[in-house]
Amino acid sequence: MARGSTRPTSRDVAQAAGVSQAAVSLVLGDKWRGRVSEPTAQRVREAALELGYRPNLAARNLRLGRTRTVLLVVPALTTEFFAEVYTGAARVAAEHGFGVVLYPSPEGVGPARDPFASAAAALDGVIASSMAADALTAIRGDQLPLVMLDSDPEGSLGAATVNLDIADGIRQVTEHLLSLGHRRFLHLAADVPSWTFEIRARELSARLSAVPGAGLRTAHAPISVAGALAATEAALAAPGPRPTALVCDDDKLAVGAYKAARRAGLRVPDDLSVTGLDDLGLATAIDPELTTVRLDAELFGERGMRALLAVMEGRSPEEGDIPVHLVVRGSTAPPS
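Residues numbered from 1 in each chain as written. Predicted model: local features only at pLDDT ≥ 70, side-chain atom pairs only at ≥ 80, totals over all residues. Heavy atoms only, no water.

- If you look the protein up in an unreviewed UniProt entry, it shows as LacI family transcriptional regulator from Streptomyces ambofaciens.

In C-alpha cells, the structure reads:
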C-alpha cells in the first residue's frame, strides 16, 4: 500500500502482520483469546498501529445491526440537573464506544413527537426520567432496552430502574427541622404527576405523623419561581397558625418561596425556615444560602448508563439507591 494515498484496510494489516483478515478481525474486535496466539495478536496490533488503521465502526455496526447510540429522555432542560445527568451518562457511554443523544421532551412533561423515523432502527437503548415517561410512547422507547430514572421499581416500564435515595433525603430534612424545634410545616409540592415527587410527599407525611404536636399543610405549584411565589403567598395568607418551616420539592421552588416570604414581611430564617432539594447552583446564589439536599446528578447519569449496558449485555445491573446528603446553610434556624 502506498503510504498516505488511501486509508489503510484490514487487508493491509493482514499482509503486514502475515495473517488472515479473519485473524485481524478477531484481534481488533478483542475476540482472539483461545483462537489466536498472543504473539500473533501482538503482531496484528503493532501492524495496525504502524499503518494507522482504524476499524470502520459504522460498517461493523451495520453488519451487527447496532448503532452504538442510546437516547436519554428528560424533561425540558430548565435546570442544570439534567445537563449533569447527561454529562455522567455520556462519560460512561464514551468509555464503551457509545454515543448519547439527548432528547428533552418539548413540553417538559407529557407526550412528545417522535424525532426518529424508527427509534428501534436508530437506537440501541433508552434511558428515561420518570418525569418524561409519556414521551416514551411517542418514540416507542418501551420497545427497546430501557432503563428508568427516578421511577417506581414495582411498576417501572424499564428492564431496570436507577434511583436516588429521595426518601432518605426527605428524612434528613425532616429530622434537621424537627431537631431545631419546628412543628408547623408547609410542604411546597411540585405539581407534577411523577413518582419522585410522590415519594417526597409520602415520606414527609409519614415522618411528621409520628411526631406528637407536628402539623403539615401542603401547597402545590408548577416548577417555576413565579408558580412557587403565588402558591406560597396564598399558603402564608391562609387562616390558622402560620408555618415556621417550609419544605420545598426542589431548589427552584425555594427561590419563589423566598420572594413570597419577603413580600409577607417575613425573614428567612428568623421567621420562616426554608429547605430545597437538588443543590443546584442557585442554592448558593440566594441570600441566605439555601439548606438543601445534594443530589449527585452526574453519578445518577453514570449509573443509568451502566445499568443500560448491563441490560443490553444480559447482566444484572448494580443494585441500591444512590445516597443523597443534606447540606445545612443559612436558610434554617430554630423557630422564633
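### Side note on the sheet that holds strand 2 (residues 99-104)
- Strand order in this open sheet of five strands is 2-1-3-4-5, and the pairing throughout is parallel. Looking along the sheet, the strands with just one partner apiece sit at the ends: strand 2 and strand 5 (160-162). When the angles between neighbouring strand axes are averaged without regard to direction, this sheet yields 20 degrees.
- In this structure, strand 3 (residues 125-129) lies alongside strand 4 (residues 146-149), joined through four bridges in parallel fashion. The residue of strand 4 that forms the bridge with isoleucine 127 is valine 147.
- Sitting on the sheet, helix 5 (residues 80-95) touches strand 1 (69-74), strand 2, strand 3 and strand 4, and the angle it makes with strand 2 is about 160 degrees. (Pairing = 2+ DSSP bridges. Helix = DSSP H or I, 4+ residues; strand = E, 2+ residues; numbered from the N terminus. Axes fitted to C-alpha atoms, helices over the stretch in contact; angles between N-to-C directions. Contact = heavy atoms within 4.5 Å.)

### Considerations on the pattern of salt bridges
- Per the counting criterion, the structure on display carries twelve salt bridges.
- A salt bridge links aspartate 279 to arginine 294, with the shortest nitrogen-to-oxygen separation between them at 2.7 Å. Of this pair, aspartate 279 sits in the loop between strand 9 (273-275) and strand 10 (292-294) while arginine 294 sits in strand 10, placing them 15 residues apart in sequence.
- For aspartate 279, a relative accessible area of 17% puts it in the buried group. (Salt bridge = Lys/Arg side-chain N within 4 Å of Asp/Glu carboxyl O. Buried < 20%, exposed > 50% of the residue type's maximum accessible area, 1.4 Å probe, protein only.)

### Examining the packing of helix 1 (residues 10-17) against helix 3 (residues 38-51)
- One can describe the packing of helix 1 onto helix 3 by two numbers: an axis separation of 9 Å at closest approach and a directional angle of 125 degrees. Judged by the inter-axis angle, helix 1 sits oblique to helix 3. Seen from above, helix 1 lies across helix 3 with right-handed handedness. Contacts between helix 1 and helix 3 involve Asp12, Val13, Ala16 and Ala17 from the first element and Arg43, Val44, Ala47, Ala48 and Leu51 from the second.
- Classifying every residue of the contact of helix 1 with helix 3 gives seven nonpolar, no polar and two charged. (Parallel < 35°, antiparallel > 145°, perpendicular 65-115°, else oblique. Left-handed = near helix turned anticlockwise from the far one by under 90°. Nonpolar A, V, L, I, M, F, W, Y, C, P; charged D, E, K, R; others polar.)

### A short note on the nonpolar core
- Judged by nonpolar contacts, the single largest core of 70 residues is most densely connected at Phe81, Leu188, Val274 and Met305.
- In this view, valine 274 contacts Leu246, Cys248, Ala254, Ala257, Tyr258, Val268, Leu290, Thr291, Ser331 and Thr332; residues no more than four positions away in its chain are not counted.
- Judged by nonpolar contacts, the second largest core, of 16 residues, contains Val19, Leu26, Val36 and Leu51. (Core = buried A, V, L, I, M, F, W, Y, C linked by side-chain atoms within 4.5 Å.)

### Points about the packing of aromatic side chains
- One pass over the structure, following the stated rule, counts two aromatic pairs.
- Consider the rings of phenylalanine 81 and phenylalanine 82, whose centres lie 5.2 Å apart with planes at 90 degrees: the pair is edge-to-face. Each member of the pair, phenylalanine 81 as well as phenylalanine 82, carries the same accessibility label: buried.
- Ring geometry for phenylalanine 81 and phenylalanine 300: centres 6.3 Å apart, planes at 50 degrees, overall tilted. Here phenylalanine 300 lies in helix 12 (residues 297-312) and phenylalanine 81 lies in helix 5, a separation of 219 residues in the sequence.
- By relative accessible area, phenylalanine 81 is classed as buried at 7%.
- An aromatic cluster is defined as three or more aromatic residues linked by ring pairs; in this entry it consists of Phe81, Phe82 and Phe300. (Phe/Tyr/Trp six-rings, centres within 6.5 Å; stacked < 30°, edge-to-face > 60°.)

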